[in-house]
Protein chains: 2
Amino acid sequence: MTAKEIKIAPQQKILLAHGSGGRLTHKLIRDVFLKSLNNPILSELSDSAKIDYKEKIAFTTDSFVVSPLFFPGGDIGKLSVCGTINDLVMVGAVPEYLSLGLIIEEGLDREVLEKIINSISLHAKRAGVVIVTGDTKVVENGAADKVFINTSGVGRIINKGISINNIKCGDKIILTGNIAEHGLAVLTKRKDLDLGLSIKSDCAALNNLIVPLLRRTKAIKFMRDPTRGGIATTLNEITESSGLGIIIEEKNIPITSKVRVVSELLGIDPLYIANEGIAIMIVGKDSAKGVLNFLRRHPLGCHAQIVGEVVKQPKGRVILKTTLGTERIVDMLTAESLPRIC
Amino acid sequence: MTAKEIKIAPQQKILLAHGSGGRLTHKLIRDVFLKSLNNPILSELSDSAKIDYKEKIAFTTDSFVVSPLFFPGGDIGKLSVCGTINDLVMVGAVPEYLSLGLIIEEGLDREVLEKIINSISLHAKRAGVVIVTGDTKVVENGAADKVFINTSGVGRIINKGISINNIKCGDKIILTGNIAEHGLAVLTKRKDLDLGLSIKSDCAALNNLIVPLLRRTKAIKFMRDPTRGGIATTLNEITESSGLGIIIEEKNIPITSKVRVVSELLGIDPLYIANEGIAIMIVGKDSAKGVLNFLRRHPLGCHAQIVGEVVKQPKGRVILKTTLGTERIVDMLTAESLPRIC
């Protein structure tokens, strides 16, 4: 039987042979991946993507094991594209090329795979990035959970000045959007919690929001996207690395009342809940207002807020000034509260 | 409890919290990954690695799900480094930077993880590449099988002329080493087959063999490493893409008698068995002998052979001239014979 004679019906399940590297793998690549993700570099199907660069590039990797695969506001495909794009943006780069590595459990519905790949294609297009190389493995039933995705990415660095070492006392902390939506969206979907308050993941590619800002100003000293562990964990990473302190004001943290209510119902502190479409920015005192105004003109930045500032003491600590007027230390996440969130 | 007070005993198992992005993730990164893989770029622990480039780069990705994790001649860590290095070399690049994405099953022995990371470190050092960015996810027991690894890689392209389009009739096919060792090593280990003939995987990074050749000559027209699906599948990829035919001579294919015997005992055609340390090269007729002599001076190339040539007819087909004097069509692998081989 030659390649042309093999027909894969749309309802067919992914088999071990789809990961063999042989005929069925080739057919799967052509019929599913190339069909959806086609571009001149990927369609070469060579062992490595060849990319023209004359500049400093950024290179990142992220694996995605989210469960369930589909949740309000996103899916594992969208997440894998946005997550890697955001990692590149955080270091001052323009995301350009992504790789796509799939580990698929035997028996996965082909329809599910196509839905995921189509989502990857859509969100890559929207963000202006291309998937230029990929790999697919299939493991036996029970050896993985449906599908895991790795996306690595490269991009041109347009702002070489972004570094934790630039941060100093008095710098302002900006949150570009509402917190805690991704984690709650995945959790409530997974547990089938019908709280009458549907929460959508904030999952989004931040390059269209932030790259124009990077082109316009050198005011951003440092950025990080507060994914697993939430803003509490990311702020602690910043204080630990910089040796400085951070004070944030609870009243300024952008959060919807829905998220606040659901967090309270579930007994989870929203500061520790994963985000997938916001960034924490450290910006010089005098530039903060201007950056904020710029961010707010974009749909992804319309809820941006200055939430606090960098301080000398307490060294290495994050302090929350609560709405009640008290202060408390916000530590890093120490245990897994929400597994398989991304 | 602060970071400094948390102690992880060497025998501790990987928990879900190790993949949370929080404290235990940080500790794991510092104690296991940074300790073993430390380099200035990785130790920045930024969201993306920043790499200086002024040239054309190659970028590739590969996931590894091999079972068992340790096998004669290698392990999943060595495999993940060598596999990605080889993919870069195949397109004419000098491998330089790798990413490392881990998906770990909760309950994995820390010792096993350290052994794998140490192997990654060792083989990356030997090959002169650095792991510059990484990601770790942990999934619940039963949602993965011990550990899956994704390595993506980038490298400078030093030979821009390597392309399937350069191949023409009369070109010679070189195999750089003995075939079918990786697949058999993994399979016999997995099945605990004691055939009295222990076979070691050929798993090896090919950059030290091939990069000097790329610097010396433009004679190599095309290369591919025949991993899953074996040399039969890779040769078919070449004929399908080029629209040309290939004739190979069985008597010239480098294979040990041990491999031949074990393949026969197991009833598997060695042409379809995965390799992880050899390349198929298409070389101009007049340069083939010179390339062969160069390869043979290196331990990884000492068994190199000219195994066949590119022909016009039969278009898109691979023909094997057997030692019995007959000819047969060698098709691509159509079913999964050896799952979880890489």
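Rules and cut-offs
Residues numbered from 1 in each chain as written. Chains lettered and ligands numbered in written order. Predicted model: local features only at pLDDT ≥ 70, side-chain atom pairs only at ≥ 80, totals over all residues. Heavy atoms only, no water. Helix = DSSP H or I, 4+ residues; strand = E, 2+ residues; numbered from the N terminus. Buried < 20%, exposed > 50% of the residue type's maximum accessible area, 1.4 Å probe, protein only. Contact = heavy atoms within 4.5 Å. Areas by Shrake-Rupley, 256 points an atom, 1.4 Å probe, with all protein chains shown as cover. Phe/Tyr/Trp six-rings, centres within 6.5 Å; stacked < 30°, edge-to-face > 60°. Arc of directions from axis to C-beta. Pairing = 2+ DSSP bridges. Axes fitted to C-alpha atoms, helices over the stretch in contact; angles between N-to-C directions. Salt bridge = Lys/Arg side-chain N within 4 Å of Asp/Glu carboxyl O. Disulfide = S-S within 2.5 Å. Domains from an automatic or database assignment. Buried area = accessible area lost by both parts, 1.4 Å probe. Polar contact = N/O pair within 3.5 Å; in protein donor to acceptor, adjacent residues only side chain to side chain. Left-handed = near helix turned anticlockwise from the far one by under 90°. Nonpolar A, V, L, I, M, F, W, Y, C, P; charged D, E, K, R; others polar.

### Describing the overall build of chain A
So, point 1. Helices and strands together make up the secondary structure of chain A, namely eight helices and 14 strands.
So, point 2. Within the span of chain A, comprising 342 residues, buried residues form 62% of the whole.
So, point 3. Nonlocal contacts in chain A, meaning residues at least 24 apart in sequence, comprise 85% of its contacts between residues at least 6 apart.
So, point 4. Of the roughly 12,900 Å² of accessible surface on chain A, a fraction of 50% belongs to carbon and sulfur atoms.

### Here we look at the packing of aromatic side chains
A ring pair, where both rings are aromatic, is described by two values, the distance of the centres and the angle of the planes.
So, point 1. For the coordinates displayed, the defined rule picks out two aromatic pairs over all chains.
So, point 2. Consider the rings of F59 of chain A and F59 of chain B, whose centres lie 6.1 Å apart with planes at 80°: the pair is edge-to-face. One end of the pair, F59 of chain A, is in strand β2 (residues 57–64); the other, F59 of chain B, is in strand β2 (residues 57–64), on a second chain.
So, point 3. Exposure remark for F59 of chain A: the relative accessible area of 0% places this residue in the buried category.
So, point 4. Between F148 of chain A and F148 of chain B, the ring centres sit 6.4 Å apart and the planes meet at 50°, which makes this aromatic pair tilted. With F148 of chain A in strand β7 (residues 147–157) and F148 of chain B in strand β7 (residues 147–157), this pair bridges two chains.

### Some thoughts on helix α8 (residues 288–296) of chain B
All names here are of chain B.
So, point 1. Here α8 has its buried residues at A288, V291, L292, F294 and L295. Within α8, the buried residues cover an arc of 165° as seen down the axis, which keeps them to one side.
So, point 2. Buried residues along α8 sit in contact with β8 (172–175), α5 (207–216), β11 (280–283) and β12 (305–311).

### So, the sheet that holds strand β13 (residues 318–321) of chain B
Residue and element names in this part refer to chain B.
So, point 1. Overall, mixed pairing links the seven strands, which are arranged β9-β11-β8-β12-β10-β13-β14 in an open sheet. Looking at which strands have only one partner, the edges of the open sheet turn out to be β9 (220–224) and β14 (327–329). Between one strand and the next, the sheet's axes are offset by a mean angle of 25°, whatever the strand orientation.
So, point 2. As defined by bridge partners, β8 adjoins β11 across four bridges and the pair is classed as antiparallel. Paired with L175 across the two strands is I280, which belongs to β11.

### Observations regarding the pattern of salt bridges
So, point 1. Enumeration according to the criterion identifies 28 salt bridges over all chains in this entry.
So, point 2. Across the pair E140 of chain A and R340 of chain B runs a salt bridge, and its minimum N-O distance is 2.8 Å. With one member in each of two chains, E140 of chain A in the loop between β6 (130–139) and β7 and R340 of chain B in the segment after β14 form a pair that bridges those chains.
So, point 3. The class of R340 of chain B is buried, set by a relative accessible area of 6%.

### Some thoughts on unusual backbone geometry
So, point 1. Residues Q313 of chain A and P314 of chain A are joined by a peptide bond in cis, for which omega reads -5°.
So, point 2. Considering the arrangement of structural elements, one finds P314 of chain A in the loop between β12 (305–311) and β13 (318–321).
So, point 3. For the bond running from S67 of chain B to P68 of chain B, omega is 5°, close enough to zero to count as cis.
So, point 4. Within the secondary structure layout, P68 of chain B lies in the loop between β2 and β3 (70–71).
So, point 5. Not every positive phi belongs to a glycine, and A180 of chain A is a case in point at roughly 75°.
So, point 6. Take A180 of chain A: it is sitting in the loop between β8 (172–175) and α4 (181–190).
So, point 7. The class of A180 of chain A is buried, set by a relative accessible area of 0%.

### Considering the state of the cysteines
Covalent bonding between the sulfur atoms of two cysteines is what defines a disulfide.
So, point 1. In the structure shown here, the tally under the stated rule is zero disulfides over all chains.
So, point 2. The thiol sulfur of C203 of chain B is not disulfide-bonded, and the nearest other cysteine sulfur, from C82 of chain B, lies at 4.1 Å.

### Examining the domain arrangement of chain A
Much of the literature gives interface size as the accessible area that the parts lose upon coming together.
Residue and element names in this part refer to chain A.
So, point 1. Partitioning chain A into structural domains gives domain 1 (9–157) and domain 2 (164–329).
So, point 2. On a C-alpha basis, the centres of domain 1 and domain 2 stand 28 Å from each other.
So, point 3. Facing the 22 residues of domain 1 at the interface are 23 residues of domain 2.
So, point 4. Interface area for domain 1 against domain 2, summed over the two sides, is near 1,800 Å², with a carbon-plus-sulfur share of 65%.
So, point 5. Looking at the side of domain 1 facing domain 2, the largest losses of area belong to P72, N86 and M90, adding up to 31% of the total buried there.
So, point 6. One can count zero salt bridges joining domain 1 with domain 2.
So, point 7. On the surface where domain 1 and domain 2 come into contact, there are eight residue pairs in polar contact (both at pLDDT 80 or more).

### What about the pairing of β7 of chain A?
Residue and element names in this part refer to chain A.
So, point 1. By the criterion of burial, β7 is predominantly enclosed, with 10 of the 11 residues buried.
So, point 2. By the bridge criterion, eight bridges tie β2 to β7 in an arrangement that is antiparallel. Paired with S63 across the two strands is N150, which belongs to β7.
So, point 3. Sheet topology places strand β5 (residues 93–105) next to β7; nine bridges connect them, and they run antiparallel. Across the sheet, the residue bridging to L102 is I149, located in β7.

### Some words on the sheet that holds strand β14 (residues 327–329) of chain A
Residue and element names in this part refer to chain A.
So, point 1. Taking strand neighbours across the sheet as the criterion, the seven strands line up as β9-β11-β8-β12-β10-β13-β14 in an open arrangement whose pairing is mixed. The open sheet terminates on both sides in strands that have one partner only, identified here as β9 (220–224) and β14. Taking each pair of neighbouring strands and ignoring which way they run, the sheet shows an average axis angle of 25°.

### Some thoughts on the packing of helix α2 (residues 76–90) of chain A against helix α3 (residues 110–127) of chain A
Residue and element names in this part refer to chain A.
So, point 1. Two numbers describe how α2 lies on α3: the axes approach to 7 Å, and their chain directions differ by 35°. α2 and α3 meet at a crossing whose hand is right-handed. Across the interface between the two elements, I76, G77, K78, S80, V81 and I85 from α2 touch I116, S119, I120, H123, A124 and A127 from α3.
So, point 2. Class assignment of the residues belonging to the contact of α2 with α3 gives a composition of seven nonpolar, four polar and one charged.

### What to know about α5 of chain B
So, point 1. Where α5 of chain B is concerned, the buried positions are N207, L209, I210, V211, L213 and L214 of chain B.
So, point 2. Of the surrounding secondary structure, the elements contacted by the buried residues of α5 of chain B are α2 (76–90), β5 (93–105), α3 (110–127), β9, β11 and α8 of chain B.

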